[in-house]
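# Residue-level structure breakdown
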Amino acid sequence: MRGRVVAWTQSVIPFIGLILAWWILTTTYAIPRALFPRPSEVWEIFVQSVADGSLIWNLGISLARLLISFALGGILGILLGFGMGLFAGLGRFLRPLINFFNSISGITWLPLIMLWLGLGERVIGFVILNAVVFVVALNTMVGVQVVPRVYENALYTLGGTRWHVIRDVLIPGALPHMLAGLRVALGMGWRALIAGEIVASSSGIGYQIYLGSSYFKQDLVVMGILMVGLMATLLDRLIFEPLEQATIRRWGLVVEHKA
Amino acid sequence: MAGTGLAEAVRQAKGIEWKRLEFLEAIVYNVGPYFLLLLVWEGVRVFLQPDPRFVPDVREVIGELIYILKNGILVDYLSRSLLRIALAAGVAIPIGILIGFGIGLNEAIANTLLPLIRFFNSIPAIAWLPLFIIWLGFKDQTIILDASYGLFFPVVFNTIVGVQTVPRVFRDAVRTLGGSWWHVVTDVILPGSLPAVLIGIRTGFAYAWRGLIAAEMIVAANGLGYLIFKAQSMILADRIIAGMILIGLTWSFLDYFLLQPLEEGTIRRWGLVQR
Amino acid sequence: MEMGSQICVRNVTHFYTNRYTRETVLALKDVSFEVDQGEFVCIIGPSGCGKSTLLYLIAGLMKPTMGEIRVDDRPVTGPGPDRGMVFQEFAILPWRTVWRNISHGLEIQGVPREKRDEIVRRYIQLIGLEGFENKYPYELSGGMKQRVALARTLACNPKVVLMDEPFAALDVQTRITLRNELLKLSLQLSNTILFVTHSVDEAALLGDRVIVMTKRPGQVKEIVQNPIPRRERNERTLEDPAFIRYRNHLFQSVRAEVQTAEYEELVQRS
Ligand SMILES: Nc1ncnc2c1ncn2[C@@H]1O[C@H](COP(=O)(O)OP(=O)(O)OP(=O)(O)O)[C@@H](O)[C@H]1O
Ligand SMILES: [Mg+2]
């Protein structure tokens, strides 16, 4: 317990230092006002946009977009990855394609999709989904492939069928890689979302940042950036930490490194 | 079979049958996927009959590729994108490795820097872009800074993991040989963390490449990202697809000819990678 | 202090402190013994009694909480090439070839190239590593790896060689082979050897003396003199009645410690 408190204070101090440095640098005009807002200004705009509801609205839209597309993309990716992991030939056949599409995933599709679908939800949805699917598929495939053969054989000698092996060995065994893939994919999806909103939308937190910058309202921009970081951290904490805790950590499949 | 042993028979069978099979396999697995892709593409065009301005056929895309190659756009834009990513790498990799080492080796540095780095890592590079534009204008520096930002974090985190996972006993061993702290760093920590550092560089490049394309769409007046973004406003679907293929191919080439050999040359040779 | 004693461990007590919970584990309690120049001394004791801790302290990789360790009449302040160590986990560097691993200590000490190569060649021969010079560790068997580690340590010609269960990760056959090789090799060496092991047979055959340690917190239970001089020991010694008596004595001594340790664990759990 005491160790926790110590660790927590230790990790807070750098942030206090950072904000202090920010405050000093901006109030002494070491950094020009035109380039970076003061902490107080960012706080004011934060309070203001919470009060008028615009921040909640934009964040909500972004979150909804992200989660819907991420869920869809995640499911697709997992199915694809399992197929490729279970059937070696399929995996080998599709792998170059998946690799190729992975390398142009997300934002690269934006121009073409905008041409096809114009502006709007479907464009953003597609870009996120596209950023998610291939990462998840590749990771899931590797996850299935690296499950040690002995577990599989052990189950067969216990009278298990192929289905048992999939359910009791391959799915839990592939979970560490799968979760890792999903985690990376969420980050990728979040990036694609922001990029998509900057380029091809008129709502959402990404659009808000863009709007702020085109009016040279740096306080709005910085507030938006901080919100983006905060949301990403929160999502990771709320979705993946509990998920990992309940599964792969409990099974001792991850080795924790001391920081 | 008379007179030849079993081993000889096996060798013979392998020599003839396997060669043929392997050749067939190689064709199926190396050419097949792309063939399938073309098939789907043409299938969509022929059976669904979409607006040809939006879904060009394969020949048009190839024609466009040849066109931009001939008028010099391709070489110009490609080289600009490559130069930008090289500059971003030149900035981000050394700094990332240095900071990663600092954090991995020194607890005080870790305590002060790690929380900050974690936080900034959660902000995607693209979100900074509007601010970077305000700072630096619509210039190359903006794009390079944005790409560096994406490249930096994977390098840092992987370097830290690399430093921390070098088995303690290696350090002890070198010290019992009379090695100083410096020997430990150069002979143990540096090579020992190299695999992780290389993974970090490879991951970072993937982020940076995406960030670069996005930044070029918004900021630049040239480069591959600009190529496809501009083509969109001119409704040149063939050019967009040509550009996308270029982007994918360039990445694959970078990965295959630059990043993978780096891995092979060192860590594979030491047997640190089993696969 | 007695003349000729090279390692002198005096009233050494050591405990570990968990940096977060502040809990402490008493690993060694008031340990004292001396080892003469050129002697081969084995240390046995139940698992977790602090044998590794003791070697790490002598190597200078850690400082004892209390007490004093002197080597050649100088207090140990840190690790140095005069005290080489062979680890259970081999600890040869994966990114160096066999040759470069063996020459590593010499490189560190700045021995010139030609001299270095000569020494490395000699030890490669002595330890039977010919033909493996340019292999990387992953291409070697466990026994070979440990040979490399031993050669690396010996190449520096340290006054003291500390060996922490060097054969524990090997299969029984390899273990016996290496044990016999080490016994023969030690006759050609003048280094003082301190050898930690779990195996009573190993300790009995290799050690001129054996230090038996108690369960944790580790104390010196007794120090037993080998009835057979090292020069006369070989595989047939295993059947010598005097040796058997000696070996059985060691066995009983260690077993008593292991049993009380297990018993206490049981009591604690229930
Ligand atoms: N870094 C550490 N922090 C806390 N406790 C430790 C640490 N290292 C060892 N210990 C504890 O100190 C005691 C002695 O450890 P040591 O490794 O010296 O035992 P050992 O005799 O070498 O055991 P084994 O025969 O299993 O190798 C053990 O109970 C161990 O749990
Ligand atoms: Mg030990």
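Just so you know, the residues in each chain are numbered from 1, in the order the chain's sequence is written. Chain letters start at A and ligand numbers start at 1, both assigned in the order the entries are written. Reporting of local features is limited, given that this is a predicted model, to residues whose pLDDT is at least 70; pairs of side-chain atoms are given and counted only at 80 or more, and all residues count toward the totals for whole chains, interfaces and linings. Working from all heavy atoms in the structure, the side-chain values ignore hydrogens and water.

## A closer look at the overall build of chain C
Of regular secondary structure, chain C possesses eight helices and ten strands. Within these notes, the globule rule equals 2.2 Å times the number of residues to the 0.38 power, and the radius of gyration is based on C-alpha atoms. Relative to its length of 270 residues, chain C is compact, with a C-alpha radius of gyration of 19 Å against a globular reference of 18 Å. Along the three orthogonal principal directions, the C-alpha set of chain C runs to about 60 × 50 × 45 Å. Only protein chains enter the accessibility calculation, which uses a 1.4 Å probe. A residue is then buried if its area is under 20% of the maximum for its type, exposed if over 50%, and partly exposed in between. Buried positions account for 53% of the 270 residues belonging to chain C. Long-range contacts, defined here as pairs at least 24 residues apart, represent 70% of the contacts in chain C between residues at least 6 apart. Residue burial considers only the protein chains on display, and all accessible areas are found by Shrake-Rupley using a 1.4 Å probe. Of the roughly 12,700 Å² of accessible surface on chain C, 48% is carried by carbon and sulfur atoms. All tallies of charge rest on Lys and Arg as positive and Asp and Glu as negative; His and the ends of each chain are not included. By convention, the charge on Lys lies at NZ, on Arg at CZ, on Asp at CG and on Glu at CD. Side chains of chain C give 36 positive and 34 negative charges; the mean places of these two sets differ by 3 Å. Numbering of helices and strands starts at the N terminus; helices are DSSP runs of H or I of at least 4 residues and strands are runs of E of at least 2. By definition in these notes, contact holds between two residues if any of their heavy atoms fall within 4.5 Å.

## Observations regarding the pairing of strand β9 (residues 209-213) of chain C
All names here are of chain C. For β9, the buried fraction is high: five of the five residues fall into the buried class. Across the two faces of β9 the burial is the same, with Arg209, Ile211 and Met213 and Val210 and Val212 all buried. Bridge analysis of strand β3 (residues 40-44) against β9 gives four bridges, and the strand direction is parallel. Looking at the pairing, Ile44 lines up with Val212 of β9. A pair of strands is considered paired only if DSSP assigns at least 2 bridges between the two. With five bridges connecting them, β9 and strand β10 (residues 220-225) associate as antiparallel partners.

## Quick look at the sheet that holds strand β2 (residues 24-36) of chain C
Sheets are built from strands paired through backbone hydrogen bonds, the pairs being either parallel or antiparallel. Residue and element names in this part refer to chain C. One open sheet holds the four strands; their spatial order is β2-β1-β4-β5, and the pairing between them is antiparallel. Of all strands in the sheet, those bounded by a partner on one side alone are β2 and β5 (74-75). Bridge count for strand β4 (residues 66-71) against β5 is two bridges, and the pairing is antiparallel. Bridging across to β5, Val71 finds its partner in Arg74. Contacts between helix α1 (residues 51-59) and the sheet are confined to β1 (5-17), β2 and β4, with β2 contributing the most and set at about 65 degrees to the helix. Axis definition: a line fit to C-alpha positions, over the contact stretch in the case of helices; interaxial angles, taken between N-to-C directions, run 0 to 180 degrees.

## Some remarks on the site of ligand 1
All names here are of chain C. As a matter of local geometry, ligand 1 sits amid Tyr16, Ala27, Ser47, Gly48, Cys49, Gly50, Lys51, Ser52, Thr53, Glu165, His198 and Arg216. The term polar contact refers here to a pair of N or O atoms within 3.5 Å; inside protein, the definition further demands a hydrogen-donor-capable atom paired with an acceptor-capable atom, and it admits residues adjacent in sequence only when both atoms are side-chain atoms. In this structure, an oxygen atom belonging to ligand 1 sits 3.0 Å away from a main-chain N or O atom of Gly50. Relative to its unbound accessible area of 630 Å², ligand 1 is 63% covered by the protein chains. Residues are grouped as follows: nonpolar covers Ala, Val, Leu, Ile, Met, Phe, Trp, Tyr, Cys and Pro; charged covers Asp, Glu, Lys and Arg; every other residue, Gly included, is treated as polar. Here the shell around ligand 1 is composed, by residue class, of three nonpolar, six polar and three charged. Any residue with at least one heavy atom within 4 Å of a molecule or strand is counted as near it.

## Concerning the interface of chain A and chain B
Counting from both sides, the interface comprises 51 residues of chain A and, opposite them, 52 residues of chain B. A 1.4 Å probe defines the accessible area here, and the buried area is the portion of it lost by two parts on being joined, summed over both. Interface area, chain A with chain B, both sides summed: about 4,800 Å², of which 78% is carbon and sulfur. Summed over the three residues of chain A that lose the most area to chain B, namely Phe93, Leu115 and Arg191 of chain A, the buried surface amounts to 14% of that side. Salt bridge criterion: a side-chain nitrogen from Lys or Arg within 4 Å of a carboxyl oxygen from Asp or Glu. Viewed at the interface, chain B and chain A are joined by zero salt bridges. Mapped onto the side of chain A that touches chain B, the elements with two or more residues apiece are α1 (2-27), α4 (88-103), α5 (110-117), α8 (162-200), α9 (205-214) and α10 (218-249) of chain A. Split into classes, the residues belonging to the side of chain A that touches chain B amount to 36 nonpolar, twelve polar and three charged.

## Here's the deal with the packing of helix α5 (residues 142-155) of chain C against helix α6 (residues 172-188) of chain C
All names here are of chain C. Following both chains from N to C, one finds α5 and α6 inclined at 20 degrees, their axes separated by 11 Å at the closest point. When the interaxial angle is binned, α5 and α6 end up roughly parallel. Handedness of the α5/α6 crossing: right-handed. Each of Gly143, Gln146, Arg147, Leu150 and Leu154 in α5 lies in contact with α6, whose residues at this interface are Thr174, Thr177, Leu178, Glu181, Leu182 and Leu185. For classification purposes, angles smaller than 35 degrees are called roughly parallel, those larger than 145 roughly antiparallel, those between 65 and 115 roughly perpendicular, and all remaining angles oblique. What makes a crossing left-handed is the near helix being turned counterclockwise from the far one by less than a right angle; a clockwise turn instead makes it right-handed.

## Brief notes about the environment of Arg245 of chain C
Residues and elements named next belong to chain C. Checked against the element boundaries, Arg245 lands in helix α8 (residues 241-269). Of the residues examined, Arg245 reaches a relative accessible area of 59% and is grouped as exposed. Residues Arg245 and Arg233 lie twelve residues apart in sequence; the distance between their C-alpha atoms is 15 Å.

## Here we look at the interface of chain C and chain B
Across the boundary between the two partners, chain C contributes 28 residues, which contact 21 residues of chain B. Counting each side, the surface lost to burial between chain C and chain B is near 2,100 Å², with a carbon and sulfur contribution of 68%. Linking chain C with chain B are one salt bridge. Here Asp187 of chain B makes a salt bridge to Arg96 of chain C, at a shortest N to O gap of 3.8 Å. The interface formed by chain C and chain B contains three residue pairs in polar contact (both at pLDDT 80 or more). Within the residue set of the side of chain C that touches chain B, elements represented by two or more residues are α1, β6 (83-86), α3 (104-108) and α5 of chain C.

## Structural notes on the sheet that holds β9 of chain C
Residues and elements named next belong to chain C. Strand order in this open sheet of six strands is β6-β7-β8-β3-β9-β10, and the pairing throughout is mixed. In the strand order of this sheet, the two ends are held by β6 and β10, each with one partner. Strand-to-strand twist across the sheet, computed as the mean angle between neighbouring axes with direction ignored, equals 15 degrees. One ladder, built from four bridges, connects β6 with strand β7 (residues 160-164); its direction is parallel. Bridge pairing links Val86 to Met163 in β7. Against the sheet, α1 makes contact with β3, β6, β7, β8 (192-196) and β9, and its axis sits at roughly 150 degrees relative to β7, the strand it touches most.

## Here we look at the domain arrangement of chain B
Often the size quoted for an interface is simply the accessible area lost on bringing the parts together. All names here are of chain B. What fixes the domain bounds is an automatic or database domain assignment. Parsing chain B into structural domains produces domain 1 (1-49) and domain 2 (58-269). Using C-alpha coordinates to define each centre, domain 1 is positioned 36 Å away from domain 2. Interface of domain 1 and domain 2: buried area, both sides summed, is about 330 Å²; carbon and sulfur atoms make up 73% of it. For the pair domain 1 and domain 2, the number of links is zero salt bridges. Connecting domain 1 to domain 2 are zero residue pairs in polar contact (both at pLDDT 80 or more).

## Examining the domain arrangement of chain C
All names here are of chain C. Under the domain assignment, chain C is made up of domain 1 (5-82 + 187-269) and domain 2 (83-157). Taken over C-alpha atoms, the centre of domain 1 sits 26 Å from the centre of domain 2. Contacts between domain 1 and domain 2 engage 16 residues on the former and eight residues on the latter. Taken together, both faces of the contact between domain 1 and domain 2 bury some 980 Å²; the carbon and sulfur share is 55%. Run the count over domain 1 and domain 2 and you get one salt bridge. Ionic pairing is found between Arg83 and Asp82, a salt bridge with its closest N-O pair at 3.3 Å. The tally of links from domain 1 across to domain 2 stands at seven residue pairs in polar contact (both at pLDDT 80 or more). With four residues, the top contributor of residues to the side of domain 1 that touches domain 2 is α1.

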